Amino acid sequence: MTSPKPIPDASVAMIERLAARVRAARTGQGMPRRALSELSGVSPRYLAQIEAGEGNISVILLDRVAKALNIRIEDLLSEDGPLDGDVARVARLYKAAPEAVQGRVRALLAPENPTALRAHRICLIGLRGAGKSTLGRMAAEKLRVPFVELNDEIEAQAAMPLSEVMALYGQDGYRALEAEAIARVVDRHDRLILAVAGGIVEDAATYDQVLERFHTVWLRTSPGEHMARVRAQGDLRPMEGNPAAMDQLKTFLTTRTPLYQKAQAQVDTTSKTVQSSLNDLLAAIAKNRFLGRVGIE
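The following refers to the structure shown. (Residues numbered from 1 in each chain as written. Predicted model: local features only at pLDDT ≥ 70, side-chain atom pairs only at ≥ 80, totals over all residues. Heavy atoms only, no water.)

### Considering the overall build of the protein
Right, so step 1: What the protein contains, in helices and strands, is 15 helices and five strands.
Right, so step 2: Taking all 297 residues of the protein together, the buried fraction comes to 38%.
Right, so step 3: For the protein, the proportion of contacts with a sequence separation of at least 24, taken over those separated by at least 6, is 70%.
Right, so step 4: Counting every atom, the protein has about 17500 Å² of accessible surface; 54% of that belongs to carbon and sulfur. (Helix = DSSP H or I, 4+ residues; strand = E, 2+ residues; numbered from the N terminus. Buried < 20%, exposed > 50% of the residue type's maximum accessible area, 1.4 Å probe, protein only. Contact = heavy atoms within 4.5 Å. Areas by Shrake-Rupley, 256 points an atom, 1.4 Å probe, with all protein chains shown as cover.)

### Examining the sheet that holds strand S5 (residues 265-268)
Right, so step 1: Pairing is parallel in the open sheet, where five strands are placed in the order S2-S3-S1-S4-S5. Each having just a single partner strand, strand S2 (147-149) and S5 make up the two edges of the open sheet. Ignoring strand direction, the axes of neighbouring strands in this sheet form an average angle of 20 degrees.
Right, so step 2: Of the strand pairs in this sheet, strand S4 (residues 215-220) and S5 are connected by four bridges, and their pairing is parallel. Following the sheet pairing, Leu219 is matched in S5 by Val267. (Pairing = 2+ DSSP bridges. Axes fitted to C-alpha atoms, helices over the stretch in contact; angles between N-to-C directions.)

### Brief notes about helix H9 (residues 132-143)
Right, so step 1: Taking 1.5 Å of rise per residue, 12 residues should cover 16 Å, and H9 covers 16 Å from first to last C-alpha, within 8% of that figure.
Right, so step 2: Two residues or fewer past H9, Arg144 is found with a positive phi of approximately 60 degrees. (Expected span 1.5 Å × (residues − 1).)

### Side note on the pattern of salt bridges
Right, so step 1: This model, assessed by the stated rule, comprises 10 salt bridges.
Right, so step 2: Here Arg256 and Glu202 are joined by a salt bridge, their closest N and O atoms 2.9 Å apart. One end of the pair, Arg256, is in helix H14 (residues 245-260); the other, Glu202, is in the loop between strand S3 (191-195) and helix H12 (204-213), and 54 residues separate them in sequence.
Right, so step 3: Here Arg256 falls in the buried class, since its relative accessible area comes to 8%.
Right, so step 4: Bridged by salt links that share partners, the residues Arg26, Arg33 and Glu51 form one connected network. (Salt bridge = Lys/Arg side-chain N within 4 Å of Asp/Glu carboxyl O.)

### A short note on the side chain of Arg175
Right, so step 1: In this structure, Arg175 sits in helix H11 (residues 162-188).
Right, so step 2: A polar contact of 2.9 Å, which involves the side chain of Arg175, links it to the side chain of Glu178.
Right, so step 3: With residues near it in sequence (within four places) discarded, Arg175 still touches Gly199, Ile200 and Asp203. (Polar contact = N/O pair within 3.5 Å; in protein donor to acceptor, adjacent residues only side chain to side chain.)

### Digging into the packing of helix H10 (residues 150-158) against H11
How two helices sit against one another is set out by the angle between their axes and by the gap between those axes.
Right, so step 1: H11 packs onto H10 with a crossing angle of 110 degrees between their chain directions and a minimal axis gap of 8 Å. In terms of orientation, H10 and H11 fall into the roughly perpendicular class. Mapping the contact onto sequence places Leu150, Asn151, Glu153, Ile154, Glu155, Gln157 and Ala158 in H10 and Leu162, Val165, Tyr174, Leu177, Glu178, Ala181, Ile182, Arg184, Val185 and Arg188 in H11.
Right, so step 2: Of the residues that constitute the contact of H10 with H11, the class distribution is 10 nonpolar, two polar and five charged. (Parallel < 35°, antiparallel > 145°, perpendicular 65-115°, else oblique. Nonpolar A, V, L, I, M, F, W, Y, C, P; charged D, E, K, R; others polar.)

### Things to note about the packing of H11 against H12
Right, so step 1: Closest axis-to-axis distance for the H11/H12 pair is 10 Å, and the angle between their directions is 15 degrees. With respect to each other, H11 and H12 are oriented roughly parallel. The element H11 and its partner H12 pack so that their crossing is left-handed. Along its contact with H11, which presents Ala179, Ile182 and Val186, the element H12 presents Thr206, Gln209, Val210 and Arg213. (Left-handed = near helix turned anticlockwise from the far one by under 90°.)

So this is what it looks like as structure tokens:
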């Protein structure tokens, strides 16, 4: 007489798992074994063997036991444990939902793709005078995408000039309006070039949102050129009544540089013509495919 073949380890583990889960489900519901027997049509003796890990139950009988316990047969057999109450309820709701709703749920629960989150949005960062407004507007026209100056967005929402915004709300209020403006831009545009104020990087939450939702380019130049360009634009605020303006600008540049360096690309505009800097910006956008595959006229 040949001896019976040994049961593979995987099968032993499954039988033990089945025994523990039937036992746990029954005792968890306060159900005597005889009551389970009456509901399932499986004898008490056979149920005792199953719960002891000694019964080799058929699929048909196991299905009866699962239905009597009001659980899924797969929950008794799978390597993962049964779904808890909330998860099981969500699974039932998902299964009964229309396909459109299921799609939204999948999109919400799927791991976020950083590139997808940024869409085709580009944000130019850097100190005043680096060329964000000039180059941003020119690049947007060349690439046929909208250009938005964030401070213009803030002024439009507040219905007052930026100087009045600062006077009325102060720096903290301005930062709050700035964060709201970023959210509106993201909501309205999947494809644009945005220019932001140089100090946006100092608000960690807002800057994190910029880095998450935009492809960022740091436009930079020397302190001297920063100052000269601001003066050439007729903006004397950095110098007016402030003889230490250059030292202050250098301090800003030093402290903010590590934050600006988080940008995905950099364009140095030092000692370059506007056209040369524009070409460098367009090249950076194309190289990193911030707008996908685009043609530049």
